[in-house]
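Chain residues, written in single-letter form:
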Amino acid sequence: MSSPGAVAGPFGALREQLLDAAAAFAGAPASLSEILAGLVDDVDRALREELEIFPVCHHSPASALAMARRLREKRPQVVYLELCEDLRPLLGELRNCRLPVALQAFATELDGFPPGSGPLSVVAPITEASAEYQVIAYALETPGVELVLVDRSADHVFQWLPKDEDAAEEEQPEHGEDAALHGDAVGIEIGDLRPRFAELEAHLLHHGKVRHWSEWWDQYVERPLLDADHDTYRQVMVLIGSLFRRLAPERGDRLARDEERERHMWTRIREHLSTSGADPERCLYVCGAFHAASRVEEFGLAGSGTYAITPRTGTRWLYGLIPSSHSAIEAQFGLASGSVSIAAATWAKAVSRGGVQPYRLEGQPGQAKTKRTRAKETGPETPRPVADRLSGFLSKPPELGGLDEAELLGWCVNLVRLARRNGYLASTADAIAVYETSILLASMRDRARPTPYDFQDAAVTCIEKDVVPGRRDVRHLCEILLGGDRIGQVGYDAMPPLARDVYDRLEPLGLDLHKRTVQRALMNLDADPHLAPCSHLLWMLRYLLPEGAVRPIMGTRRLGERSIQESWDLSLGQHQRSVIELGYQGVTVEQVLERRLRDAVRHPRATAATALEAVEDSIVFLGSRRFTDELGARAVELLSAERTVDDAPEVLRRIRRLLAHYRAAEPELPAWCEAFVTTGYAQYCTLLPTAFVAEDTGVRQVGAMLGFLFSMEGLALSLGCERAQLELAVQQSHPRTPAKVALLWAAHTQLGLLSIAALRERCDELLANPLVLPSFPLYISGFVQALESVPSLTPFVVELISKAFARLPDAVLLPWLPRLITTLREQARELVPVLVREAGRTFPAGLAELDAWVPPWSGRTAAPAAAGGPVAVAGGPVAELLRAHPGACDAVASLLGCEGGWLTEEPAAHAEAVALLARHPETALAVAGLVAPTG
């Protein structure tokens, strides 16, 4: 377990106490004794190392304070930091940013990784209340100090990830909308101190009377170490790291990856010391407490292991800074909601209390200007003998510090004010209740004073109850009160060239686009033509950025259309990360857009429809004829290689629009358009018989194929295609489903193989057959789909539907009507308005004309009505009978309210023509003389 020399060391008494406790309380004393003795050995080993190891915890105020104290005391000349070694050039750009921000490595062009695994992204968030920021600020602001990052590179991060990791993800707490600032990037952190033994964490939470790990850490580690001296801090942190390491499960790859990282870091440290000749006494190694208790052979400057660092892949990595936030850090690393904000508040309170002066980067936004002092030159620090501080720390009871009544009262009063502002009916009584409940909860949980977590629970109990009147609940209000979800910002000078170019080109709008609020941009492009480039850039950004970054309120951008006035809602400040990541893909927005379009048409799953969409976007946004022709040629290749017609409706819609654009804008069609038409004509003629009988090919797709063939027929024939190919394809088609049969009949009609009269006769036979009536809506759906290819059938389809409504009895029509409506909605939604317009032209516009209306397909004509007078009726026995006995007609007319009298005599037929001939008989006599015999 331990050597005799180790037992006699400074921790010998503590080791004996732990072994006696293990023998007294453990059922299997050998295992427990080994663990407890190993903890003390790990602490002794880390403290005896020649190179000083400084253990830290991620985003811990206690670690940051201890780091600041130690840096001012030791003044190291070389600091080794556990951070990806290839992120070192980014650290100087932190001066131009407002924390928190994240260092990012990004790769889209992969070489050496599995296809389809990109893009790859690694982020390392930096907050002010973190030890790594203190190290970075000290190294950058102190002349003569060298900062060396020793952790594996971003490339190695993904090299070492398991290919098929089956470990289930832990259930993470819910976070706000700003928690997605890191996206799905892999997070790199210093000091991941959380038990990897689930039973241990549950045991600690239960006996600590807390809900989650962040609260346990704050109560039992963070606050006791805030004012601890350097030796006590180091020994406690190494002890905790050793405990979590020894109780970590051996299964899985996580521990193996951690040990690989430790070998890499110690190898890099020894390499730097050998090449630079630095004195280890003037160096400092900052790493996570988990790694400080490492047991690999390469540990220490005298490590015996020889580790060979594997080379990087050929992947091209890009580096930059992206904005981060407290909620994004909590979401990515599994911390409790609000824990980073509470840590920031603890840090601010400790700094304001005095006792330590933290390091800050000069000129950083949001930082007060501080007087820069030159560091004193100090010689090597005299090594102090290692003394046991653990025994006193572990045996000392918690300090019974007095209650900070002013702070707690301020929290309660300000929370009530904030709650009233957000719709809660809170009052002074609620502030008193929160105050007393916070003290009560702290006492029940064995705490010397209420913590922010106690205050949160008391506020939820006393104020929120069961109803949340607004968007923010009381727990969220407490987080806002304690500092809020601080969101960082990357400065202009730290952005990639593309992002700076975007802000420069949008400067004429006169808006502060760095703000995180939504801003409205109004543009009158006729009155202010200098804003046209801004409009063009905004439309490209709308295509490239996520939804909501730039949102048009008024205005459109399509083929052949340009807006006169436009209105935009801009929130580039909230989507700064997306704008920055565009800079990893190119130097200008146009270059990124061209690359996106080219990648879209070269994708293995690209289709002719996606290529035509890319062509349209290229015309609208880029206006490069050469690039558009390249995309069009790719569309021809994809169309000729397709063996299905699933995208036929989309292909037809887009090629029609592109042909109309070129015919209106250019003197002749591009070569790729002509090739696309001829290729599509031949392709669809070949696939048409199969599509008619294939069960997985819908009516809509077959109708679109026929629409392409018939609407492009004139152009295709002029380019050398033969109509016989289409006729053979139609005659070889033998569909079985009713809708496709209707489509085939429509095609026969268009080709002249079937007359309208014969088609009407077939449909009348179907309508008269009771066995066909349930499937008759499918025939109608097929005819409606045929309107895409044979628009001249529109009157016939209106006639067919009218006959169905007129001839079918109610017992058949009423159950049949819902099926007809659903069939048309599912299969011919966009063609129904065509039928409605044709019906409006066919049927009478008012009820007055309905009685005399005769359907045009009946072959009869309506009787003419005299304008402004009674209807003329022909003579005969019926008319003579009614005139002889008018009483019955008069009685009916009085009941119906009809006005008017009886005609005294039948008006002469063609009275106007007779009167005209009577006034001018010369013409009639001359005609009679020509046609009548002489005499």
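The model shown is predicted, which means the values in this text are computed figures rather than measured ones.

Definitions and cut-offs
- Residues numbered from 1 in each chain as written.
- Predicted model: local features only at pLDDT ≥ 70, side-chain atom pairs only at ≥ 80, totals over all residues.
- Heavy atoms only, no water.
- Helix = DSSP H or I, 4+ residues; strand = E, 2+ residues; numbered from the N terminus.
- Buried < 20%, exposed > 50% of the residue type's maximum accessible area, 1.4 Å probe, protein only.
- Contact = heavy atoms within 4.5 Å.
- Areas by Shrake-Rupley, 256 points an atom, 1.4 Å probe, with all protein chains shown as cover.
- Pairing = 2+ DSSP bridges.
- Axes fitted to C-alpha atoms, helices over the stretch in contact; angles between N-to-C directions.
- Expected span 1.5 Å × (residues − 1).
- Phe/Tyr/Trp six-rings, centres within 6.5 Å; stacked < 30°, edge-to-face > 60°.
- Lys NZ or Arg CZ within 6 Å of the ring centre and 35° of its normal.
- pLDDT = per-residue confidence, 0-100.
- Salt bridge = Lys/Arg side-chain N within 4 Å of Asp/Glu carboxyl O.
- Patch = residues over 30% accessible without salt bridge, like charges linked within 9 Å, V, L, I, M, F, W, Y side chains within 5 Å.
- Core = buried A, V, L, I, M, F, W, Y, C linked by side-chain atoms within 4.5 Å.

1. Some points on the overall build of the protein
Next, step 1: For the protein, the helix and strand inventory stands at 39 helices and eleven strands.
Next, step 2: Going through the 935 residues of the protein one by one, you find that 48% of them count as buried.
Next, step 3: By sequence separation, contacts in the protein at least 24 residues apart represent 77% of the contacts at least 6 residues apart.
Next, step 4: Per element, the accessible surface of the protein, about 46,200 Å² overall, is 55% carbon and sulfur.

2. Comments concerning the environment of Arg829
Next, step 1: In this fold, Arg829 is placed in the loop between helix H34 (810-827) and helix H35 (832-842).
Next, step 2: Since its relative accessible area comes to 56%, Arg829 is described here as exposed.
Next, step 3: Sequence spacing of Arg829 and Val784 is 45 residues, and the spatial spacing of their C-alpha atoms is 9.6 Å.

3. Comments concerning the pairing of strand E8 (residues 318-323)
Next, step 1: Of all six residues in E8, five are buried, a share of seventy percent or more.
Next, step 2: Here strand E3 (residues 101-107) runs beside E8; their pairing, made up of six bridges, is antiparallel. Its bridge partner being in E8, Ala102 is matched across the sheet by Ile322.

4. Side note on the pairing of strand E9 (residues 519-524)
Next, step 1: Only one face of E9 is covered, namely the one carrying Gln519, Ala521 and Met523; the face carrying Arg520, Leu522 and Asn524 has none of its residues buried.
Next, step 2: Bridge count between E9 and strand E11 (residues 565-570): six bridges; the pairing is antiparallel. Paired with Gln519 across the strands is Leu570, a residue of E11.

5. Here we look at helix H32 (residues 776-786)
Next, step 1: Along H32, ten of the eleven residues are buried, which leaves the element largely enclosed by surrounding structure.
Next, step 2: Within H32, burial applies to Phe776, Pro777, Tyr779, Ile780, Ser781, Gly782, Phe783, Val784, Gln785 and Ala786.

6. Quick word on the sheet that holds strand E7 (residues 283-288)
Consider a sheet: its strands pair through backbone hydrogen bonds, and that pairing is either parallel or antiparallel.
Next, step 1: One open sheet holds the four strands; their spatial order is E1-E7-E2-E5, and the pairing between them is parallel. Of all the strands in the sheet, just strand E1 (52-56) and strand E5 (146-151) have a single pairing partner and so form its edges. Sheet twist, expressed as the average angle between the axes of neighbouring strands with direction ignored, equals 30 degrees.
Next, step 2: In the sheet, strand E2 (residues 78-84) pairs with E7 via four bridges, with the strands oriented parallel. In the sheet register, Val78 faces E7, and the bridge partner there is Cys283.

7. Quick notes on helix H16 (residues 428-444)
Next, step 1: Helix length check: H16, at 17 residues, gives a terminal C-alpha distance of 25 Å against a target of 24 Å (1.5 Å per residue), a fit within 8%.
Next, step 2: Turning to H16, its buried residues are Asp430, Ala431, Val434, Tyr435, Thr437, Ser438, Leu441 and Ala442.
Next, step 3: As for H16, its buried residues are in contact with helix H15 (405-421) and helix H17 (452-464).
Next, step 4: Two residues or fewer past H16, Asp446 is found with a positive phi of approximately 60 degrees.

8. So, the packing of aromatic side chains
Next, step 1: Applying the stated criterion to the full structure yields 14 aromatic pairs.
Next, step 2: Aromatic side chains Trp266 and Phe299 sit 5.2 Å apart centroid to centroid with 65 degrees between the ring planes, which places their arrangement in the edge-to-face category. On the criterion of sequence distance, the pair formed by Trp266 in helix H10 (residues 254-276) and Phe299 in the loop between helix H11 (289-292) and E8 is long-range, its members being 33 residues apart. Side by side, Trp266 and Phe299 carry an identical accessibility label, which is buried.
Next, step 3: Their ring planes at 25 degrees and their centres at 6.1 Å tell us that Trp745 and Tyr779 sit as a pair that is stacked. Of this pair, Trp745 sits in helix H30 (residues 738-751) while Tyr779 sits in helix H32; the two residues are 34 residues apart in sequence, bridging distant segments of the chain. Of the two residues, Trp745 and Tyr779, both sit in the buried class.
Next, step 4: The rings of Trp266, Tyr285 and Phe299 are connected pair by pair, giving a single aromatic cluster.
Next, step 5: For Arg72, the ring lying beneath its charged end belongs to Tyr359, and the centroid distance is 4.0 Å.

9. Some points on the confidence of the model for the protein
Next, step 1: Summarising the model, the protein shows a mean pLDDT of 80, and 84% of its residues fall at 70 or more.
Next, step 2: Predicted confidence for residues 1-7 stays below pLDDT 50, and this span has twelve contacts to residues more than four positions away or in other chains.
Next, step 3: Counting contacts from residues 165-175, a segment whose pLDDT is below 50, to residues more than four positions away or on other chains yields twelve contacts.

10. A short note on unusual backbone geometry
Next, step 1: Cis rather than trans, the peptide bond between Leu99 and Pro100 has omega equal to 5 degrees.
Next, step 2: Take Pro100: it is sitting in the loop between E2 and E3.
Next, step 3: The phi angle at Arg75 is positive, at roughly 50 degrees, despite the residue not being glycine.
Next, step 4: With respect to the helices and strands, Arg75 occurs in the loop between helix H4 (61-74) and E2.

11. Observations concerning the pattern of salt bridges
Next, step 1: Under the definition given, this model contains 41 salt bridges.
Next, step 2: For Lys803, the salt bridge goes to Asp764, with nearest N and O atoms at 3.3 Å. Taken as a pair, Lys803 in helix H33 (residues 794-807) and Asp764 in helix H31 (residues 756-768) lie far apart in primary sequence, 39 residues in all.
Next, step 3: According to the relative accessible area criterion, Asp764 is partly exposed, its value standing at 22%.
Next, step 4: Ionic pairing is found between Glu799 and Lys803, a salt bridge with its closest N-O pair at 2.8 Å. Here Glu799 and its partner Lys803 are both found in helix H33, four residues apart, which amounts to about one turn of the helix. With respect to class, Glu799 is no different from Lys803; both count as buried.

12. A look at the sheet that holds E9
Next, step 1: Taken together, three strands build an open sheet; the order of strands is E9-E11-E10 and the sheet is antiparallel. A strand with exactly one partner marks an edge of an open sheet, and here the two such strands are E9 and strand E10 (550-554). This sheet shows a mean twist of 25 degrees between the axes of neighbouring strands, independent of strand direction.

13. Details of a nonpolar patch on the surface
Next, step 1: Residues Val878, Leu882 and Trp902 make up a contiguous nonpolar surface patch of about 300 Å² in total accessible area.
Next, step 2: By the secondary structure assignment, Trp902 is in the loop between helix H37 (887-896) and helix H38 (911-919).
Next, step 3: Owing to a relative accessible area of 40%, Trp902 belongs among the partly exposed residues under this scheme.

14. Here's the deal with the nonpolar core
Next, step 1: In terms of nonpolar packing, the biggest core is built from 201 residues, with Leu103, Leu506, Leu541 and Phe676 touching the most fellow members.
Next, step 2: In terms of residue count, helix H26 (residues 671-693) provides more of this core than any other element does, eleven residues in total.
Next, step 3: Apart from the residues lying within four places of it in its own chain, the contact partners of Leu506 are Leu513, Cys534, Leu537, Leu538, Leu541 and Leu572.
Next, step 4: Counting 25 residues, the second largest nonpolar core, distinct from the first, contains Leu408, Leu415, Ala419 and Tyr424.

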